[in-house]
Amino acid sequence: MTDLAGGVAELRERSPFYRDKLAGFEDASFEDLPFTTKDEIRESLAAEPPLGRHLAAPVEAVRRVYSTSGTTGDPSYIAVTDADLATWTEIGSRSYAATGIAPAQRAVLTYNSGPFVAGAVLDAWQRIGATVIPVGSGNTERLVKAFQILGAEALGCMPSYALYLADWCRERGIEPRELGVRTLSVAGEPGGGEDATRHAIEEAFGATVREAMGIADVSPSLWGECEEQAGMHFCGDPYIHVELIDPESDAPLPFDDGAEGELVYTALIREAMPVLRFRSRDRVVVNAKPCSCGREGIRVRCIGRTDDLLIVRGVNLFPTAVREVVASFRPRVGGPILIRPAHTGVRQDAAPRVLVELAEGGAADDDLAAEIRGALRTTLIVTAEVELVPYGTLPRSEYKSRLVDFSGSATR
Ligand SMILES: [Zn+2]
């Protein structure tokens, strides 16, 4: 986005939501404009159904209405016009090309053409020129056949699903490496960027894992990781403006090498639902080194969602980081973990319980539990009660894996 000021002026004209929100900020510089949060979008949808006060295009121009899987209450709707879809396809094709999706490659896609924006990834793969084989989620048998019969070479899925798939195959006497998966393009949760999880997937399939990342309210894919496998390149220029901020002080941060913060997006080009300084809640670390692939977009690695954060005795604890530490104990442990906080809420004054699945056929092992507890303390500076549970007892998900379970937590 080259002309932010001009774009913001135009936004006031066409969006009643932003006209109100920006009242009093007429002379403010861009960095002083207010953030937009997901809660505000939800409030706007509720206040003026069906598509909210932030709808900035005629409702007749809306071509698709996606929704997000809201944790509470009604779904949050995301409307897009033809032009919005074209932009998504353009950005998505760059992101996924970076991850190794290539022309004429037979590529299996597990994202459903259902309610979620991930379904729009199909358009991006088609734009790349891949031979797309959509199988949707919950269709593991059909997916395996696509490799065995159609000779597919690439797979797009969530990282937790890739681990599930490897287990599924082994339980049926199929060696995952023999499927012929060469390229694994993962998205939807941070696992693909965690070393131990990535290595476990690469090892299981004999394939390369690279990740892509997007956000429903902005674009289904915005970032894609190239062959250097050292973070995802930003692929949204010039359609999307991205900022890094300190999530505690809200202050802008430069994209310096090693900087850590929350991503904030501005999408003024969007016709139906433009967003200004939208808080992603995604925490990332920046890799600002030049890349041998020639792409100039800044690189990031996602380290977790602010929404999943627990603060245990003053220490930040991302559940994905716990999973990462536990995964380093493979093959003695299985895939899934589940964190059971002592009580509800973000701030915890007692050690949470961490349930860790043993490997298939693994027996109770006090030493292993103590080793994992020690690794969590050393790596994350957090004390946790580690409980080993038999293989196959924690819920497996073909979609986003749930890492925290408050159902047994005391209420405060
Ligand atoms: Zn690169």
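Rules used in this analysis
- Residues numbered from 1 in each chain as written.
- Predicted model: local features only at pLDDT ≥ 70, side-chain atom pairs only at ≥ 80, totals over all residues.
- Heavy atoms only, no water.
- Core = buried A, V, L, I, M, F, W, Y, C linked by side-chain atoms within 4.5 Å.
- Buried < 20%, exposed > 50% of the residue type's maximum accessible area, 1.4 Å probe, protein only.
- Helix = DSSP H or I, 4+ residues; strand = E, 2+ residues; numbered from the N terminus.
- Contact = heavy atoms within 4.5 Å.
- Salt bridge = Lys/Arg side-chain N within 4 Å of Asp/Glu carboxyl O.
- Phe/Tyr/Trp six-rings, centres within 6.5 Å; stacked < 30°, edge-to-face > 60°.
- Lys NZ or Arg CZ within 6 Å of the ring centre and 35° of its normal.
- Donors = N, O, S within 2.8 Å, 3.2 Å for Na, K, Ca; no water.
- Tetrahedral: all angles 85-135°; square planar, octahedral: opposite > 155°, others 65-115°.
- Pairing = 2+ DSSP bridges.
- Arc of directions from axis to C-beta.
- Axes fitted to C-alpha atoms, helices over the stretch in contact; angles between N-to-C directions.

Participant: Account for the nonpolar core, with residues named and values stated.
Facilitator: Membership of the largest hydrophobic core comes to 42 residues, with the highest contact counts inside it found for Y96, V108, L143, L155, L184 and F205. Sorting the residues of this core by element identifies β3 (106-109), α5 (121-128), α6 (140-148), β5 (154-157), α7 (159-171), β6 (183-186), α8 (195-205) and β7 (208-215) as the ones contributing at least two each. Broken down by element, this core gets its largest block of residues, 8 residues, from α7. Among residues more than four places away in sequence, those in contact with F205 are A162, L165, A166, P176, R177, L179, V181 and L184. Counting residues in hydrophobic clusters, the runner-up holds 34 residues, among them V8, L45, V218 and Y265.

Participant: Lay out the pattern of salt bridges in plain terms, naming residues and giving numbers.
Facilitator: Side-chain pairs of opposite charge can arise where the charged atoms are in close proximity. Applying the stated criterion to the full structure yields 28 salt bridges. Between D282 and R305 there is a salt bridge whose closest N-O contact spans 3.0 Å. Of the two residues, D282 is situated in strand β13 (residues 275-287) and R305 in strand β14 (residues 299-305); the sequence distance between them amounts to 23 residues. Owing to a relative accessible area of 5%, D282 belongs among the buried residues under this scheme. Exposure remark for R305: the relative accessible area of 26% places this residue in the partly exposed category. Through salt bridges that share partners, R198, E211, E225 and R301 make up one connected network.

Participant: Explain the packing of aromatic side chains residue by residue, including any values.
Facilitator: Under the definition given, this model contains 5 aromatic pairs. On the basis of an interplanar angle of 65° and a centroid distance of 5.8 Å, the ring pair of Y96 and W125 is categorised as edge-to-face. Of this pair, Y96 sits in helix α4 (residues 82-98) while W125 is found in helix α5, placing the two residues 29 residues apart along the sequence. With relative accessibility at 1%, the residue Y96 sits in the buried group. Aromatic side chains Y161 and Y164 sit 5.6 Å apart centroid to centroid with 35° between the ring planes, which places their arrangement in the tilted category. Of this pair, Y161 and Y164 both sit in helix α7, 3 residues apart, which is roughly one turn of the helix. We note that Y161, like Y164, is buried. The ring of F35 has R279 sitting right over it, with the charged end atom 4.8 Å from the ring centre.

Participant: Lay out the coordination of the zinc ion in plain terms, naming residues and giving numbers.
Facilitator: All of the protein donors around the zinc ion are C226 (SG), H233 (NE2), C291 (SG) and C293 (SG); their distances to the metal are 2.1 to 2.3 Å. One way to put it: the 4 donor atoms around the zinc ion meet at angles of 101 to 116°, and that makes the site tetrahedral. Between the donor residues of the zinc ion, the gaps in sequence give the motif C-x6-H-x57-C-x1-C. Of the two residues, C226 sits in the loop between β8 (219-225) and β9 (232-234) while C293 sits in the loop between β13 and β14, which places them 67 residues apart along the sequence. A relative accessible area of 0% means that C226 is categorised as buried.

Participant: Outline the pairing of β14, listing residues and values.
Facilitator: Across the 7 residues that make up β14, a large majority, 5, are buried. One ladder, built from 2 bridges, connects β9 with β14; its direction is antiparallel. In the sheet register, M232 faces β14, and the bridge partner there is V300. As paired elements, β13 and β14 share 6 bridges and run antiparallel to each other. Following the sheet pairing, V286 is matched in β14 by V300.

Participant: Lay out α5 in plain terms, naming residues and giving numbers.
Facilitator: All buried positions along α5 are accounted for by V121, A124, W125 and I128. Within α5, the buried residues cover an arc of 95° as seen down the axis, which keeps them to one side. Contacts made by the buried residues of α5 are with α4, β3, β4 (131-134), β5 and β8. Once α5 finishes, G129 follows within two positions and takes phi at roughly 105°, a positive value.

Participant: Go over the sheet that holds strand β19 (residues 353-358), please, and point to the residues and values.
Facilitator: Judged by pairing direction, the sheet is mixed, and its 3 strands sit side by side in the order β17-β19-β20 without closing on themselves. Where the open sheet ends on each side, the last strands, each with one partner, are β17 (333-340) and β20 (385-389). Mean inter-strand twist for the sheet, computed between neighbouring axes without regard to direction, equals 25°. When β19 meets β20, the two strands line up parallel, connected through 5 bridges. Note on β20: the bridge partner recorded for V356 is L388. Taken strand by strand, helix α9 (residues 319-327) contacts β17 and β19, and its axis lies near 150° from that of β17. In the packing of helix α10 (residues 366-380) onto the sheet, contacts are made with β17, β19 and β20, and the angle to β20 comes to roughly 140°.

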